[in-house]
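Residue-level structure breakdown
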Amino acid sequence: MTKQPDDWLDDVPDNQNEEDEDEEIIWVSKSEIKRDAEELKRLGAELVDLGKNSLDKIPLDEDLRAAIELAQRIKKEGRRRQLQLIGKMLRARDEDPIRQALDKLKNRHNQQVALFHKLEQLRDRLIEKGDDAVAEVINLYPEADRQQLRSMIRNAQKEKAANKPVKSARQIFQYLRELAEA
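Each chain carries its own residue numbering, running from 1 in the direction its sequence is written. Two thresholds apply to this predicted model, a pLDDT of at least 70 for residue-level local features and 80 or more for giving and counting side-chain atom pairs, whereas whole-chain, interface and lining totals are computed over all residues. Each side-chain value is derived from all of the structure's non-hydrogen atoms; neither hydrogens nor water enter the calculation.

So, on to the overall build of the chain. Counting secondary structure elements, the chain contains nine helices and zero strands. Where helices and strands are cited, they refer to DSSP runs of H or I of at least four residues and of E of at least two residues respectively, numbered from the N terminus. Order of helices (α) and strands (β) in the chain, N terminus to C terminus: α-α-α-α-α-α-α-α-α. When the 182 residues of the chain are sorted by exposure, 27% land in the buried category. Pairs at least 24 residues apart make up 58% of the contacts formed inside the chain by residues separated by at least 6 positions. Per-residue and other accessible areas follow the Shrake-Rupley method at a 1.4 Å probe size, with only the shown protein chains counted as cover for residues. When the accessible surface of the chain is totalled, it reaches about 13,600 Å², and 48% of it is carbon and sulfur. The rule is simple: take the accessible area with a 1.4 Å probe, protein chains only, and divide by the maximum for that residue type; under 20% is buried, over 50% is exposed, in between is partly exposed. Contact criterion: two residues are considered in contact whenever any of their non-hydrogen atoms come within 4.5 Å of each other.

Here it is in structure tokens:
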């Protein structure tokens, strides 16, 4: 059998399996590894800045929790090194549940801040408009005591006219906050 010029490819060994294995390896640059490590360090710093009650809501194992609590007590250079250790510990763990719990905490805080802004605006409208704005509060919170609210509004208006401290305005805000939380 004579070989045709195009048949020489048949004699080439099949190296395709080795090429497939090389394609499956994902090369990560050193800079990307450093960026990821810095991001985990920042995550660790956020965890260290949390209070005890907030930290209880985040899924942490005992070692990581102990390292975070230690970092909360350390100052200056020791704290920086402890944050590096926490970042290193986070690299060996799945940080997604931790991030999700942290995001949930932040979102709750943002919602509370937005609610407070709304209540402050409502309080200011109550003081400015008086009885006209009371109906708005009664629509929002049917359990509100109309008489008590009017009394607080009158006191706040008198304080504002006399340039006195705004004690009644704070009371109105507290009352609206209690209604919103109920």
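We are not done yet, so read on.
Moving on, we come to unusual backbone geometry. One non-glycine residue, Lys76, lies in positive phi territory at about 55°. In the Ramachandran plot, Asn163 falls in the positive-phi region, its phi being about 55° despite a non-glycine side chain. Assignment of secondary structure puts Asn163 in the loop between α8 (146-161) and α9 (167-181).

All right, on to helix α4 (residues 62-73) then. With 12 residues, α4 should cover 16 Å at 1.5 Å per step; its first-to-last C-alpha distance of 17 Å lies within 8% of that length. Among the residues of α4, Leu64, Arg65, Ala67, Ile68 and Ala71 are the ones counted as buried. Buried residues along α4 cover an arc of 160° about the axis, so they all sit on one side. Exposed side of α4, more than 90 degrees from the buried face: Glu62, Asp63 and Arg73 are the residues found there. Lining the buried residues of α4 we find α2 (30-49), α3 (52-56), α5 (76-91) and α6 (96-129). Distance and chemistry together define a polar contact, namely a pair of N or O atoms within 3.5 Å, with one atom able to donate a hydrogen and the other to accept it when in protein, and with adjacent residues in sequence counting only for side-chain atoms on both sides. For α4, the capping residue at the N-terminal end is Asp61, with a side-chain oxygen 3.3 Å from the backbone nitrogen of Asp63. In a helix, the anticipated span is given by 1.5 Å times the number of residues less one. Throughout, the arc means the angular range of directions from the helix axis out to the C-beta atoms.

Geometry of aromatic contacts follows a simple scheme: Phe, Tyr and Trp rings, the Trp one being its six-membered ring, pair when their centres are within 6.5 Å, and the pair is stacked under 30 degrees between planes, edge-to-face over 60, tilted otherwise. Applying the stated criterion across every chain yields a total of one aromatic pair. Geometrically, the ring pair formed by Phe116 and Phe173 is edge-to-face, given 5.7 Å between the ring centres and 75° between the ring planes. Taken together, the residues span a long stretch of sequence, with Phe116 in helix α6 and Phe173 in helix α9 at a distance of 57 residues. Judged by relative accessible area, which is 13%, Phe173 ranks as buried.

Position of Ile86 among the secondary structure elements: in helix α5. Beyond its immediate sequence surroundings of up to four residues, Ile86 is in contact with Gly44, Val48, Leu64, Ala67, Ile68 and Ala71.

Another point: the pattern of salt bridges. In the sections that follow, a salt bridge refers to a side-chain nitrogen of Lys or Arg positioned within 4 Å of a carboxyl oxygen of Asp or Glu. Per the counting criterion, the structure on display carries 15 salt bridges. In this structure, Asp124 engages Arg123 in a salt bridge whose closest nitrogen and oxygen atoms are separated by 3.3 Å. Linking Arg177 and Glu181 is a salt bridge whose minimum nitrogen-to-oxygen distance equals 3.3 Å. Of this pair, Arg177 and Glu181 both sit in helix α9, four residues apart, which is roughly one turn of the helix. Under the relative-accessibility criterion, Arg177 is labelled partly exposed at 28%. Residue classification places Glu181 among the exposed positions, given a relative accessible area of 52%. The structure contains a network of salt bridges with shared partners spanning Glu39, Arg42, Glu95 and Arg99.

Turning our eyes to something else, we now look at the side chain of Arg123. Assignment of secondary structure puts Arg123 in helix α6. The buried category is assigned to Arg123, whose relative accessible area is 17%. Setting aside its immediate chain neighbours within four residues, Arg123 contacts Ala169, Ile172, Phe173 and Leu176.

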